[in-house]
Amino acid sequence: MSDIASRVKAIIVDKLGVDENEVVPEASFTNDLGADSLDTVELIMEFEKEFDIQIPDDQAENIATVGQAVKYIEEAK
Amino acid sequence: MMKLKRVVVTGLGALTPIGNTIDEYWNGLVNGVSGADLITHFDPSKFKTQFACEVKNFDATDFIDRKESRRMDPFAQYAMVTSDEALKDSGLDIEKVDKLRVGVIWGAGIGGLKTFQEEVTNFALGDGSPRFNPFFIPKMIADIAPGLISIKHGFMGPNYTTVSACASSANAIIDALNNIRLGNADVIITGGSEAAVTEAGMGGFNAMHAMSTRNDDPKSASRPFDANRDGFVLGEGSGALVIEEYEHAVARGAKIYAEVIGGGLSSDAYHMTAPHPEGLGVVAVMQNCLRNAGLKPEDVDAINTHGTSTPLGDVAELKAIGKVFGDYAKNININSTKSMTGHLLGAAGAVEAIASILAMEHGIVPPTINHSTVDENIDPALNLTLNKAQKREVNVAMSNTFGFGGHNACVVFKKLD
């Protein structure tokens, strides 16, 4: 697992209180990991902080799974 | 006109600086335990007051799922824990009860002060970009506590928070009483919570010169009615009461602690923070309460005063008791449990109402601790229940609370006939 993927995973485990094993690339924040609308916003903010990037709202709407988050961050870095 | 319904207390919960359950709280009260100590929530070394009555040995995740607890300010966590204890104590079958007829009316003087402080500090330390957490507002607002309680249990009756500073949870109890009296609900979870032992809370109250600065002896700092009192001691925590329409409680065979027979409200209309020197608003609130309950002054056995240990407030309140109760005042067991718990602000009305109810239940009035020097401005004939608990058959107990802004609220409980 890439460094980015493992840091993303750690944030998700911490913020959503889920088990590490559940945080797979295809897992959806809302459908699989129990996030609500506020959790999703918080996750995006944490990614921004951790990786020192800006994720505009219209882009954030397209980040719905763990894999999409990792891919976006890898491209943004 | 419709006949008002009778209202009784069927469940209690407490998380206080002197005990984290109802049983521990009562043990602390009768044994005269002080909850004051040096502050552990933050480094207070630069603060004028370096002690407070903190809740001790409390880990929210012992009670609340880690993810859920992270979304709650401590004031809301305290509310969840005590409302659960009170509901369990009430024996209410949450699956069977008509949830449309169960409400939650809570009191909080401030709300999520820690959350507010953290978020605003983050913003101030940043580059001016508004990077606020999406949970900032919902964690902070004072009404989130009853919201969260209703979400947990599905209670769909009346739901809101009353805000009147240190009178907040007495206002909540009175609103709960009136809603049940009028038939708007069968059961209401009421009470209050506060968690203001933060840099902003301590700094703010210190700036008002409202708090004791007895840093060399925190445990004796809260000394209501003592001549050398020098301000209140900040406390935190929560008290919860399940109150219920009398027939509803009887029908399910509930244990009934006491009847809530009346509440009084008034305002000082005098100053933002100073009490009226003659206690005019306080006279009015006790008279309103007696009238609302259909009681004569001679019916009252015990009064848990607001008694915060401030130089002005304590004397004004006792003068007011003298005016309302006249010569009979000397027969009343007057006390201030704030000598032990400190001042729980918006939760004070609830934890003190619980102290009054438990005094009736046990036939013991908890003491006003830390008294050593007589204040010449206080009528020596009054029984202030000094330093040691007193055995006393209590049939009617009154609880006073007054808030900055001049808000006064008074609740009275009676043993069931």
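The model shown is predicted, which means the values in this text are computed figures rather than measured ones. (Residues numbered from 1 in each chain as written. Chains lettered and ligands numbered in written order. Predicted model: local features only at pLDDT ≥ 70, side-chain atom pairs only at ≥ 80, totals over all residues. Heavy atoms only, no water.)

### As for helix α7 (residues 168–181) of chain B
Residue and element names in this part refer to chain B. The terminal C-alpha atoms of α7, which comprises 14 residues, lie 20 Å apart, in line with the 20 Å expected from a rise of 1.5 Å per residue. Taken across its 14 residues, α7 has 12 buried, putting it largely inside the fold. Listed in full, the buried residues belonging to α7 are Ser168, Ser169, Ala170, Asn171, Ala172, Ile173, Ile174, Ala176, Leu177, Asn179, Ile180 and Arg181. (Helix = DSSP H or I, 4+ residues; strand = E, 2+ residues; numbered from the N terminus. Expected span 1.5 Å × (residues − 1). Buried < 20%, exposed > 50% of the residue type's maximum accessible area, 1.4 Å probe, protein only.)

### Thoughts on the UniProt feature "domain: Carrier" (unreviewed entry) in chain A
The sites that UniProt annotates as "domain: Carrier" (unreviewed entry) are residues 2–77 of chain A. Taken end to end, residues 2–77 of chain A has its terminal C-alpha atoms 13 Å apart, with 58% of it in helix and 0% in strand. (UniProt positions renumbered as here; feature names shortened; annotations may be inferred.)

### Regarding the sheet that holds strand β6 (residues 187–194) of chain B
What holds strands together in a sheet is hydrogen bonding between their backbones, with the strands either parallel or antiparallel. Residue and element names in this part refer to chain B. Reading across from one edge, β5-β4-β6-β7-β1-β8-β14-β13-β9-β10 is the order of the 10 strands in this open sheet, with mixed pairing throughout. Strands at the two margins of the open sheet, each flanked by one partner only, are β5 (159–162) and β10 (333–335). Here the average twist between neighbouring strands, direction ignored, is 25 degrees. In terms of strand pairing, strand β13 (residues 396–403) meets strand β14 (residues 407–414) through eight bridges, oriented antiparallel. By the bridge assignment, Gly403 is partnered in β14 with His407. Along the sheet, α7 makes contact with β1 (7–15), β4 (102–107), β5, β6, β7 (237–245), β8 (258–267), β13 and β14, crossing β6 at roughly 175 degrees. (Pairing = 2+ DSSP bridges. Axes fitted to C-alpha atoms, helices over the stretch in contact; angles between N-to-C directions. Contact = heavy atoms within 4.5 Å.)

### A few points about the UniProt feature "modified residue: O-(pantetheine 4'-phosphoryl)serine" (unreviewed entry) in chain A
Following the UniProt record, the feature "modified residue: O-(pantetheine 4'-phosphoryl)serine" (unreviewed entry) maps to A:Ser37 here. The exposure class assigned to A:Ser37 is exposed, which follows from its relative accessible area of 56%.

### Details of the pattern of salt bridges
Per the stated rule, a full pass over the model turns up 30 salt bridges over all chains. Here B:Lys338 and B:Glu352 are joined by a salt bridge, their closest N and O atoms 3.0 Å apart. One end of the pair, B:Lys338, is in helix α12 (residues 338–341); the other, B:Glu352, is in helix α13 (residues 348–362), with 14 residues separating them in the sequence. Take B:Glu352: its relative accessible area is 1%, and that puts it in the buried class. Shared partners join several salt bridges into a network, and the residues in it are A:Asp14, A:Lys15, A:Glu46, A:Lys49 and B:Arg66. (Salt bridge = Lys/Arg side-chain N within 4 Å of Asp/Glu carboxyl O.)

### What about the side chain of B:Thr10?
Residues and elements named next belong to chain B. Its place among the elements puts Thr10 in strand β1. Among the residues examined, Thr10 registers a relative accessible area of 0% and is labelled buried. Ignoring anything within four residues of it in the chain, the contact list for Thr10 reads Asp89, Ser90, Val242, Glu244, Ala249, Arg252, Ala254, Lys255, Ile256 and Tyr257.

### Section: the interface of chain A and chain B
With 16 residues of chain A at the contact, the number on the chain B side is 10 residues. Summed over both sides, the interface between chain A and chain B buries roughly 1100 Å², with carbon and sulfur atoms accounting for 42% of that surface. Three residues, A:Leu38, A:Glu42 and A:Met45, lead the burial of chain A against chain B; their summed loss comes to 45% of the area buried on that side. For the pair chain A and chain B, the interface holds 11 residue pairs in polar contact (both at pLDDT 80 or more). Among the secondary structure elements, those contributing two or more residues to the side of chain A that touches chain B are α1 (3–16) and α2 (37–51) of chain A. A per-element tally of the side of chain A that touches chain B places α2(A) first, with seven residues. (Buried area = accessible area lost by both parts, 1.4 Å probe. Polar contact = N/O pair within 3.5 Å; in protein donor to acceptor, adjacent residues only side chain to side chain.)

### What about the packing of α1(A) against helix α4 (residues 66–76) of chain A?
Residue and element names in this part refer to chain A. Interaxial distance between α1 and α4 falls to 10 Å at its minimum, and their mutual angle equals 130 degrees. Classified by the interaxial angle, the pair formed by α1 and α4 is oblique. In terms of crossing hand, the pair formed by α1 and α4 is right-handed. Along the contact surface, α1 presents Ile4, Ala5, Val8 and Ile12, while α4 presents Val66, Val70, Ile73 and Glu74. (Parallel < 35°, antiparallel > 145°, perpendicular 65-115°, else oblique. Left-handed = near helix turned anticlockwise from the far one by under 90°.)

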